[in-house]
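# Coordinate analysis (summary)
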Protein chains: 2
Amino acid sequence: MNIKKPYLLFLGDSEFAKTAQGICHWRGQGCVAQFRLAGCQVDLGLPEASMQEAADRGVKTLVIGVAPHGGLLKESWLPHLKAALEAGMDIASGLHTKVADIDMLQTAANVHGRQILDIRHPQKTFAVGDGVKRSGKRLLTVGTDCNVGKMFTTLAIEQEMHKRGMNATFRATGQTGIFIAGKGAAVDAVIADFISGAAEWLSPDNHDDHWDLIEGQGSLHNPSYAGVSLGLLHGSQPDAIVLCHDPLRAHVVDLMHYPIPKLQDAIDTALGAARLTNPKVQCVGVCVNTSKMSAEQASDVIAKISRETGLVCVDPVRTGVGVIVDKLATL
Amino acid sequence: MNIKKPYLLFLGDSEFAKTAQGICHWRGQGCVAQFRLAGCQVDLGLPEASMQEAADRGVKTLVIGVAPHGGLLKESWLPHLKAALEAGMDIASGLHTKVADIDMLQTAANVHGRQILDIRHPQKTFAVGDGVKRSGKRLLTVGTDCNVGKMFTTLAIEQEMHKRGMNATFRATGQTGIFIAGKGAAVDAVIADFISGAAEWLSPDNHDDHWDLIEGQGSLHNPSYAGVSLGLLHGSQPDAIVLCHDPLRAHVVDLMHYPIPKLQDAIDTALGAARLTNPKVQCVGVCVNTSKMSAEQASDVIAKISRETGLVCVDPVRTGVGVIVDKLATL
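Note that the structure is a prediction, hence the values are computed from the model and not measured. For every chain, the first residue of the written sequence is number 1, and numbering continues from 1 onward in sequence order. The lettering of chains begins at A and the numbering of ligands begins at 1, in the order of writing. Totals for whole chains, interfaces and linings use all residues, but because this is a predicted model, local features are given only for residues with pLDDT of at least 70 and pairs of side-chain atoms are given and counted only at 80 or more. For the side-chain quantities, the full set of heavy atoms in the structure was used; hydrogens and water were omitted.

### Some points on the overall build of chain A
Per the secondary structure count, chain A includes 11 helices and 13 strands. Whereas a compact globule of 331 residues would reach a radius of gyration of roughly 20 Å, chain A reaches 20 Å, a difference of no more than 12%. When the backbone C-alpha atoms are referred to their principal axes, chain A occupies close to 60 × 45 × 45 Å. Only the protein chains shown count as cover for residues, and all accessible areas are computed by the Shrake-Rupley method using a 1.4 Å probe. Surface summary for chain A: the accessible area is close to 13500 Å², and the carbon and sulfur share equals 51%. Separation of charge centres in chain A, based on 31 positive and 34 negative side chains, amounts to 4 Å. Think of it this way: any DSSP run of H or I at least four residues long counts as a helix, any run of E at least two long counts as a strand, and we number them from the N terminus. We compute the radius of gyration from the C-alpha atoms alone; for a globule the expected value is 2.2 Å times N to the 0.38, where N is the number of residues. Under the convention used here, Asp and Glu are negative, Lys and Arg are positive, and both His and the chain ends fall outside the count. Think of each charge as sitting on NZ of Lys, CZ of Arg, CG of Asp or CD of Glu.

### Considerations on the UniProt feature "domain: D-glutamate N-acetyltransferase-like C-terminal" (unreviewed entry) in chain A
UniProt positions are given in the numbering used here, feature names are shortened, and annotations may be inferred rather than shown by experiment. UniProt annotation of "domain: D-glutamate N-acetyltransferase-like C-terminal" (unreviewed entry) refers to residues 128–325 of chain A when read in the numbering used here. Here residues 128–325 of chain A is 36% helix and 19% strand, with 32 Å between the C-alpha atoms at its ends.

### Quick notes on the packing of helix 8 (residues 226–236) of chain A against helix 8 (residues 226–236) of chain B
Helix axes use the C-alpha atoms of the stretch in contact, all axes being lines fitted to C-alpha atoms, and the angles between their N-to-C directions lie in the range 0 to 180 degrees. At a minimum axis distance of 7 Å, the contact between helix 8 of chain A and helix 8 of chain B shows a crossing angle of 155 degrees. Classified by the angle between their axes, helix 8 of chain A and helix 8 of chain B sit roughly antiparallel to one another. Seen from above, helix 8 of chain A lies across helix 8 of chain B with right-handed handedness. Contacts between helix 8 of chain A and helix 8 of chain B pair Ala226, Gly227, Leu230, Gly231 and His234 of chain A from the former with Ala226, Gly227, Leu230, Gly231 and His234 of chain B from the latter. Tallied by class, residues from the contact of helix 8 of chain A with helix 8 of chain B come to 4 nonpolar, 6 polar and no charged. Relative orientations are named as follows: roughly parallel for angles under 35 degrees, roughly antiparallel for angles over 145 degrees, roughly perpendicular for angles from 65 to 115 degrees, and oblique for any other angle. Left-handed is the label given to a crossing in which the near helix is rotated counterclockwise from the far helix by less than a right angle, and right-handed is the label when the rotation is clockwise. In this analysis, two residues are considered to be in contact whenever any of their non-hydrogen atoms come within 4.5 Å of each other. Classification convention: Asp, Glu, Lys, Arg as charged; Ala, Val, Leu, Ile, Met, Phe, Trp, Tyr, Cys, Pro as nonpolar; all other residues, Gly among them, as polar.

### As for the environment of glutamate 48 of chain A
Residues and elements named next belong to chain A. With respect to the secondary-structure elements, glutamate 48 resides in the loop between strand 2 (31–36) and helix 2 (51–56). Remark: the alpha-carbon pair of glutamate 48 and leucine 8, spanning 40 residues in sequence, is separated by 9.3 Å. Contact partners of glutamate 48, with chain neighbours within four places excluded, come to Gln34, Arg36, Glu53 and Arg57. In protein, a polar contact requires one atom able to donate a hydrogen and another able to accept it; more generally it is a pair of N or O atoms within 3.5 Å, and residues adjacent in sequence count only if both atoms are side-chain atoms. Among the polar contacts listed, one links the side chain of glutamate 48 to the side chain of glutamine 34, at a separation of 3.0 Å. Polar contacts involving the side chain of glutamate 48 include one to the side chain of arginine 36, which spans 3.0 Å.

### Observations concerning the interface of chain A and chain B
With 31 residues of chain A at the interface, the matching set in chain B holds 31 residues. Reported buried area values correspond to the accessible surface (1.4 Å probe) lost by two parts on association, with both partners' losses combined. Here chain A and chain B share an interface that buries about 2400 Å² over both sides, 58% of which is from carbon and sulfur atoms. Put simply, chain A and chain B have 14 residue pairs in polar contact (both at pLDDT 80 or more) between them. Of all the elements in the fold, those that place two or more residues in the side of chain A that touches chain B are helix 7 (195–202), helix 8 and strand 11 (255–259) of chain A. With 6 residues, the top contributor of residues to the side of chain A that touches chain B is helix 8 of chain A. Residue composition of the side of chain A that touches chain B, by class: 17 nonpolar, 11 polar and 3 charged.

### What about the relation of the copies chain A and chain B?
Here the copies are superposed with least squares, the fitted atoms being C-alpha atoms of residues at a pLDDT of at least 70 in both. Mapping chain A onto chain B is achieved by rotating through 180 degrees and translating by 0.0 Å along the same axis, at an RMSD of 0.0 Å. These values place the two chain copies in the arrangement generated by a two-fold rotation axis. Taken as a fraction of all interface residues of chain A, those also at the interface in chain B reach 100%, which identifies the copy contact as same-surface.

### Digging into helix 8 of chain A
All names here are of chain A. Most of helix 8 is tucked away, with 11 of its 11 residues classed as buried. To sort residues, take the accessible area from a 1.4 Å probe on protein chains only and compare it with the maximum for the residue type: under 20% means buried, over 50% means exposed, and anything in between is partly exposed. Those residues of helix 8 that sit buried are Ala226, Gly227, Val228, Ser229, Leu230, Gly231, Leu232, Leu233, His234, Gly235 and Ser236. Looking one or two residues beyond helix 8, the residue adopting positive phi is glutamine 237, at roughly 50 degrees.

### Considerations on the domain arrangement of chain A
Residue and element names in this part refer to chain A. Here chain A is described as being made up of domain 1 (7–118) and domain 2 (137–328). Domains are outlined according to an automatic or database domain assignment. Put simply, the middle of domain 1 and the middle of domain 2, counted by C-alpha atoms, are 29 Å apart. On the side of domain 2, 11 residues touch domain 1, which itself brings 13 residues to the contact. Between domain 1 and domain 2, a total of about 1100 Å² is buried, with carbon and sulfur atoms accounting for 62% of that surface. The largest contributions to the domain 1 side of the interface with domain 2 come from Thr19, Trp26 and Arg27, which together make up 55% of the buried area. Salt bridge, as used here: a side-chain nitrogen of Lys or Arg that lies within 4 Å of a carboxyl oxygen of Asp or Glu. Where domain 1 packs against domain 2, one counts 1 salt bridge.

### Comments concerning the layout of surface pockets
One number sums up the size of the second largest pocket: a volume of about 850 Å³. Forming the boundary of the second largest pocket are 32 residues, of which Thr269 and Ala273 of chain A together with Thr269, Gly272 and Ala273 of chain B lie nearest the centre. At the level of elements, helix 8, strand 11 and helix 9 (263–274) of chain A together with helix 8, strand 11 (255–259) and helix 9 (263–274) of chain B are the ones that each hand at least two residues to the lining of the second largest pocket. For the lining of the second largest pocket, the class distribution of residues is 16 nonpolar, 8 polar and 8 charged. Definitions used throughout: a 1 Å grid over protein atoms alone; a cavity as a set of points that fits a 1.4 Å probe which cannot get out; a pocket as an open set with protein on both sides within 12 Å along at least five of seven lines; a lining residue as one with an atom within 4 Å of a point. Grid points are joined across faces, edges and corners, and a volume is the space filled by probe spheres set on the points.

### Comments concerning the sheet that holds strand 9 (residues 240–245) of chain A
Residues and elements named next belong to chain A. Note on pairing: two strands pair once DSSP finds at least 2 bridges between them. Ordered in space as 7-8-6-9-12-13, the 6 strands form an open sheet in which the pairing is parallel. Since the sheet does not close on itself, it has two edges, and those belong to strand 7 (168–171) and strand 13 (313–314), each with one partner. Pairing between strand 6 (residues 137–143) and strand 9: 5 bridges, direction parallel. Bridging across to strand 9, valine 142 finds its partner in leucine 243. Strand contacts of helix 9: strand 6, strand 9 and strand 12 (282–288), with the helix running at about 145 degrees to strand 9, the strand carrying the most contacts.

### Examining the sheet that holds strand 6 (residues 137–143) of chain B
Across a sheet, paired strands are connected by hydrogen bonds in the backbone, their directions being either parallel or antiparallel. Residue and element names in this part refer to chain B. Across the sheet, 6 strands lie side by side as 7-8-6-9-12-13; this open sheet has parallel pairing. At either margin of the open sheet sits one strand with a lone partner, and together these are strand 7 (168–171) and strand 13 (313–314). Here strand 7 pairs with strand 8 (residues 211–214) via 4 bridges, running parallel. Within strand 8, the residue paired with threonine 169 across the bridge is aspartate 212. Along the sheet face, helix 5 (residues 150–163) touches strand 6, strand 7, strand 8, strand 9 (240–245) and strand 12 (282–288) and points at about 165 degrees away from the line of strand 7. Along the sheet face, helix 8 touches strand 6, strand 8 and strand 9 and points at about 165 degrees away from the line of strand 6.

### Points about helix 10 (residues 295–309) of chain B
Residue and element names in this part refer to chain B. By this rule, a helix spans an expected 1.5 Å times one less than how many residues it contains. Here helix 10 spans 21 Å end to end across 15 residues, near enough to the 21 Å set by a 1.5 Å rise per residue. Regarding helix 10, the residues found buried are Ala298, Ile302, Ile305 and Thr309. Each buried residue of helix 10 lies within a common arc of 70 degrees when the element is viewed along its axis, so the set occupies one face. Among the exposed residues of helix 10, those oriented more than 90 degrees off its buried face are Glu296, Arg307 and Glu308. The inward-facing, buried residues of helix 10 contact strand 9, helix 9, strand 12 and strand 13. Picture the helix axis, draw a direction to every C-beta atom, and the arc is the one those directions span.

### Re the pattern of salt bridges
Opposite charge on two side chains permits pairing when their charged atoms draw close. Scanning the entire structure with this criterion turns up 28 salt bridges over all chains. Here lysine 133 of chain A and aspartate 239 of chain A are joined by a salt bridge, their closest N and O atoms 3.8 Å apart. Within this pair, whereas lysine 133 of chain A is found in the loop between strand 5 (116–118) and strand 6, its partner aspartate 239 of chain A is found in the loop between helix 8 and strand 9, the two being separated by 106 residues in sequence. On the accessibility criterion, lysine 133 of chain A (47% relative accessible area) is partly exposed. According to the relative accessible area criterion, aspartate 239 of chain A is buried, its value standing at 16%. The partner of glutamate 86 of chain B in a salt bridge is lysine 82 of chain B, with the nearest N and O atoms 3.2 Å apart. With glutamate 86 of chain B and lysine 82 of chain B both in helix 3 (residues 78–86) and 4 residues apart, this pair spans about one turn of that helix. One salt-bridge network, in which partners are shared between bridges, spans Glu160, Lys163, Arg164 and Asp326 of chain A.

Below, the structure is given as C-alpha cells:
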C-alpha cells in the first residue's frame, strides 16, 4: 500500500482531527491544502481548496484524516469524495467504514482510473515470521501503555537523525503513521498468525549503517493488545528500544482495573522478550510526555526517572531526543 | 460457529488424515462413518457410507478432516461434496480454500438450506479484550514449541476430570480442536487486535467449581507465533498452566536457528506473562510426548524433568494425567 503524495487533508465537519494534525506536523511539506465542510472546528492552517483546485495544484491523494464517532463515513461526505475521484485524486481512508465498498465511490474510482486505499482493511497478505536476522540496525519504541507517544518519539528520533545526516527511515505500524510515511503495515489489523511476519516485512535487510525506526504499538502490559506488541517486538528484532511513558497516567487506558507497570518492570519485560530474536538488544532511554506539567515538574520527573532507571530520559517536545540519538550513534 | 454432530469424516484420496484421526480418537461416538475415494491410504476403522447412507444414518455434518498439500480443495472432490449438501448435510472444512466461495457448492447449500462452515475463515468478530476477571476456574496448556501435544494434553485432562465427575469443558482454539468440540475460536485466524478478546469470549463466566480447559497455541518462545500465544494467555486468565514439551525436539519447528527453551525458562516466562491478568496463576505440571522412546528412556526423562522443575511430569498416553488432575482438584 503506497499512498501517493502530496495530500489534500479532508476534515469534513469534524470537531477533532488528530490524524490530520499529525500528518501536517510531521509531513507539512506533503500537504497542499485542507478541505472543510460547514461546522468543521479544526483548522490546520493550510490553504482551503476545492477538489478541482487541489487536483490542479498537484494533489495526488485526498486523505480522510478524521475519525467521526464510531469511525463511520458520513453520508454528507459522499458527493465531495466522488468529486475528488472525478478530479483525478486517489482516496486514502483510515475509517472503519470500507470506502471501497461504497458502490458510488468504487464506480467513480474505476471510471477515472483512481485508487481507494482503506488502510484499516489491508489487502496485503504476509508470510509467517521466520526470525532470521536481517542486516541494518533497528529501533522500536515500546510503551507502558497505548497512546503514550510512541509514534511521536519515533518520528522525533528520525528528524534528529536526519538533521545529523544519519541514514534512517521511519517505519509506520498504525493509521496516522502510515499516512505520514505514505506506506507501512497496520500490524493490529493483520491476521494474528502473521503479526511478526508483517513486522519482518516492514523493515527488510538494509545497509549496515541504516536505522529502521519502527513505530511501536500497544504495550506488553496491556491485556487488550499485548499479543500485537509481542509479535511486533519479535519481528522487529530491535537493536535498541526506547520506552515511552505518560507520567500522569494512573491506569491502563480504558481499563481502570489495570495499573501502569513500574518503568523498570516494563523495560525488563520488553528486553526479556526482545532477546528471543536479538540477544544484543538494549534500552537506550525513556521518553515522557510532560505537556501537562510545569517546567519545574517536568524537570523533576525527568530527573527522577533517569535516576531510577539509570537511563537518559527526555521529553521529545520539551528537551528533544538529542541525547538518545547520541547513544544510538555509538551502536 | 457451531458444527452439528454426528459427523461423516471425509477422507478423500488422502495419505494422511491427522485431523480426522484426532476427531475419531476423542469423539468417536460422534463419528458415524467415513467416506473414502480411490487411492485413500487412511482407514479410521469407521463404517463406509455413501452421502445418502450417511444422511439416512443421521449425520448432520460432513467434515473435511484432511489437509492435502497446500491445504487446497481438490477438483475431484466437488461432486461428492455437492452430493453431501443435496443429501441434507452441512459441510465443515478446515482447508485454506474457502469452500463457501465455490459457487457450485454455495448454490447447492442455498437450495437445500444447508450451511458451509469454513473454520479457517471465521465470520465472527470479537470485542477487544478487557481483562476483567471472570468466574469459574481455567487451565491453559502452554508449550516449549508448536505441535508438542497441547491439544492432546488438554483433552486428556478433560477426560480424566469427567471420569472423576468433575465439571469441566474443553475449549478449542485450533482447527482439529474445533472439530472435536463442535465449536471454538481459531485464535490464530482472528485479527491481531482481538486475540485476547477472542480468548475471553471462549471461556465466559461459569460456576465456581467449573474448569474451562483451554487448548494452547504456539509458544512464547516461537518467533513466528508468540503474539498469538500471549494474547491467548492473557485472555484465558488461567488459574493453572500445564507446560507441554517434546523431549526429542532440538530446535523450534521449521526454525533451525532457534533452540527449544529450557523448561524452567518456559515456565517462568509463561507465569510472568500470565500474572498480568491472573496474579494467582500457577504451573501444575509438565506433559511430555515420549512415544518415540523406550519405557526406560521415558521413565528417565519423566524423572529428570520432575526433579529439575519440582513439578509432576507425565506422558498423557503412557502414564495418564491423573496426578495433574489430583493437583487441580485442590485448587
